[in-house]
Amino acid sequence: MMTGDKIAAARKAKHLTQEALAQKLGVSFQAVSGWERGESIPDIPHLQLLSRELDVSIDRLLSQDEHPWQMREKLFDEERMYTYLKAKAQSLGLSQTLAALPFARACHQGQFRKGGKPVPYIIHPLTMACHAFAMGLADDDVLAALLLHDVIEDTDTRPDELPVSRRVREAVCLVSYDTYPGPKAEIKRTYYDHIAENPLACLIKCVDRCNNLSGMAYGFARSRMAEYVVETEKEILPLLDVIKSVPEWNHAAWLLRYQIASLLETFKRFL
């Protein structure tokens, strides 16, 4: 793929017209059109502006050895995951999980994940619960907490409305920024300190971060990706030691460390 093709693809991914991109760059739309047709190549100052506006590195814009990857909007189907989790919960008698499934789906109805085409938000907690099952965590508190972890923060639901035990409610509250007084940036240290005191909250946060890292290329600008990598190394990796302190979660702690660390190193290389 040539530089012009990459500029055009990145512009369209941002839902920008040539005119709109030209205005952001302070050039004529004919200049953008010429770049995209391969008639000319942007100079260094304009490459820097393109990189910032389109969230694409200069190296990626100029290299000519990229493959025309087809990106999946979602990795798994939400209805299949929902059916799978419901059947597993029924077979194991997981009453909280059975209550949390329809509750979470109703609360997140009409919400979508960031980036690309609209992807139902419920895919996120469903994927996290399936992830837990895959790691051998068939625990009712764990699964219910994963399914409900964003309900308080992203909807109008109150903690006392959650159809689960006090332990699960407490963990969900701990990972919900909205339950802490003050602006998010100012309470971040308190937020992570409180989570570190609760192993279940640590597990929720680490599975959540693993899932978000896996999908952040869909909806994060490059600058936000870089911030997320730094925050994950500083705040999330230490929580894995708390998870490891629970004997039955040892294998999950190892898998999460492997998955998160691998994703971090991959993103570091490309960022």
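In this text the structure is predicted, and so the values were computed from the model without any measurement.

## Quick word on the packing of aromatic side chains
Okay, so step 1: Applying the stated criterion across every chain yields a total of five aromatic pairs.
Okay, so step 2: An angle of 75 degrees between the planes, with centres 6.0 Å apart, marks the rings of Tyr 84 and Phe 133 as edge-to-face. Highlighted residues: Tyr 84 in helix H6 (residues 78-92) and Phe 133 in helix H8 (residues 123-134), separated in sequence by 49 residues.
Okay, so step 3: We classify Tyr 84 as partly exposed; its relative accessible area is 38%.
Okay, so step 4: Classification of Phe 133 by relative accessible area gives buried; the value is 11%.
Okay, so step 5: Between Tyr 191 and Tyr 192, the ring centres sit 5.1 Å apart and the planes meet at 80 degrees, which makes this aromatic pair edge-to-face. A single burial state applies to Tyr 191 and to Tyr 192, both of which are buried.
Okay, so step 6: Each residue in the set Tyr 177, Tyr 180, Tyr 191 and Tyr 192 is aromatic and connected to the rest through ring pairs, giving one cluster.
Okay, so step 7: The side chain of Lys 88 reaches across the aromatic face of Phe 133, ending 5.3 Å from its centre.
Okay, so step 8: Lying across the ring of Tyr 121, Arg 113 places its NZ or CZ 5.4 Å from the centre.

About the criteria used
- Residues numbered from 1 in each chain as written.
- Predicted model: local features only at pLDDT ≥ 70, side-chain atom pairs only at ≥ 80, totals over all residues.
- Heavy atoms only, no water.
- Phe/Tyr/Trp six-rings, centres within 6.5 Å; stacked < 30°, edge-to-face > 60°.
- Helix = DSSP H or I, 4+ residues; strand = E, 2+ residues; numbered from the N terminus.
- Buried < 20%, exposed > 50% of the residue type's maximum accessible area, 1.4 Å probe, protein only.
- Lys NZ or Arg CZ within 6 Å of the ring centre and 35° of its normal.

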